[in-house]
Amino acid sequence: MTPHFPSWRLLRLRHVSFDASARADIQQAAGRYRVPAPLIASVLADERTRLDLFDRVQDRLMRLSLRLPTSASSALLAVLERICGRDVDTFSLGRAQMKSATLARLGALGYLNVPLSPVGRRKMLLDDALAPVLVAACLRATADHWHAHRVSLEGRPEILGTLYSLGLTGGRGVHPDPQPSARGQAIADHARWLTLRVAPW
């Protein structure tokens, strides 16, 4: 019998671990939004493995902007916008790698209490303890949106994992036969692996 070896995507995900505090935050978010904790953890792990040096520097500078006086913060953000060629509020931020527009939409839909100010939204996105809540709220909003159109995504972690980075419906909109991307399938496979683990993940 040929042995089965996990793909490189799965191996990268398996190298991500969470401390006790993060695991507690994930479990709490799972209960609040009725989303499996291993799926939340897998989305967070996937986002972490995709961070490159530019993402990490950008994240540090955005965190720094929150601690600086207003004038210095505005100057730093202006420099970042010139370098990147786009508004800082289009950046994917924090451990959930979520954009301000996505956060605002989740607030408008009633899944989160979201600050009205751009600075308030940046603080929320960059709060590590809130990352599991952001992921769980997004996954729940996606599942609810499809359910409202009579397509159930319950028990379909590969589709929810796919749509997390694509938006509520992806490019095709809601349809009866959604298919996972390789990324979404890896997230689901990793969630399944976490579920079967005896040791804490």
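Structural data are supplied above this passage.
Our subject in this report is the structure included herewith. (Residues numbered from 1 in each chain as written. Predicted model: local features only at pLDDT ≥ 70, side-chain atom pairs only at ≥ 80, totals over all residues. Heavy atoms only, no water.)

## Thoughts on the nonpolar core
Thought 1: Counting residues in hydrophobic clusters, the biggest one holds 55 residues, and the most contacted among them are Phe 18, Ile 40, Met 98, Leu 112 and Leu 139.
Thought 2: Tallying contributions element by element places helix α8 (residues 131-148) first for this core, with 11 residues.
Thought 3: Leave out the neighbours within four places in its chain, and Ile 40 touches Ile 26, Ala 29, Ala 30, Val 35, Pro 132, Val 135, Ala 136 and Leu 139. (Core = buried A, V, L, I, M, F, W, Y, C linked by side-chain atoms within 4.5 Å. Buried < 20%, exposed > 50% of the residue type's maximum accessible area, 1.4 Å probe, protein only. Helix = DSSP H or I, 4+ residues; strand = E, 2+ residues; numbered from the N terminus. Contact = heavy atoms within 4.5 Å.)

## Regarding the packing of aromatic side chains
Thought 1: Summed over all chains, the structure comprises zero aromatic pairs.
Thought 2: Between the NZ or CZ atom of Arg 48 and the centre of the ring of Phe 18, over which it lies, the distance is 5.1 Å. (Phe/Tyr/Trp six-rings, centres within 6.5 Å; stacked < 30°, edge-to-face > 60°. Lys NZ or Arg CZ within 6 Å of the ring centre and 35° of its normal.)

## Points about the side chain of Arg 122
Thought 1: Among the secondary structure elements, Arg 122 is positioned in helix α7 (residues 118-125).
Thought 2: Dropping the residues within four chain positions of it, Arg 122 is found in contact with Met 62, Leu 66, Leu 77, Val 88, Asp 89 and Leu 93.

## Quick notes on the environment of His 15
Thought 1: Mapped onto the fold, His 15 is located in the loop between α1 (8-14) and α2 (20-33).
Thought 2: Taking the C-alpha atoms as reference points, His 15 and Ala 45, separated by 30 residues in sequence, lie 8.7 Å from one another.
Thought 3: At 2.7 Å, the side chain of His 15 and the backbone oxygen of Leu 11 are in polar contact. (Polar contact = N/O pair within 3.5 Å; in protein donor to acceptor, adjacent residues only side chain to side chain.)

## Quick notes on helix α10 (residues 182-196)
Thought 1: The terminal C-alpha atoms of α10 lie 21 Å apart, and with 15 residues this matches the ideal 21 Å at 1.5 Å per residue to within 8%.
Thought 2: Inspection of α10 places Arg 183, Gly 184, Ala 186, Ile 187, Ala 188, His 190, Ala 191 and Leu 194 among the buried residues, and these make up the whole buried set.
Thought 3: The secondary structure elements touched by the buried residues of α10 are α1, α3 (37-49) and α9 (157-164). (Expected span 1.5 Å × (residues − 1).)

## Concerning the packing of α2 against α8
Thought 1: Interaxial distance between α2 and α8 falls to 8 Å at its minimum, and their mutual angle equals 25°. The orientation of α2 relative to α8 falls into the category roughly parallel. The handedness of the crossing between α2 and α8 comes out as right-handed. Residues Asp 25, Ile 26, Ala 29, Arg 32 and Tyr 33 of α2 form the contact with α8, whose own contacting residues are Pro 132, Val 133, Ala 136, Ala 137 and Arg 140. (Axes fitted to C-alpha atoms, helices over the stretch in contact; angles between N-to-C directions. Parallel < 35°, antiparallel > 145°, perpendicular 65-115°, else oblique. Left-handed = near helix turned anticlockwise from the far one by under 90°.)

## Notes on the side chain of Arg 140
Thought 1: Structurally, Arg 140 is set in helix α8.
Thought 2: Of note is the side chain of Arg 140, whose polar atom sits 2.9 Å from the backbone oxygen of Tyr 33.

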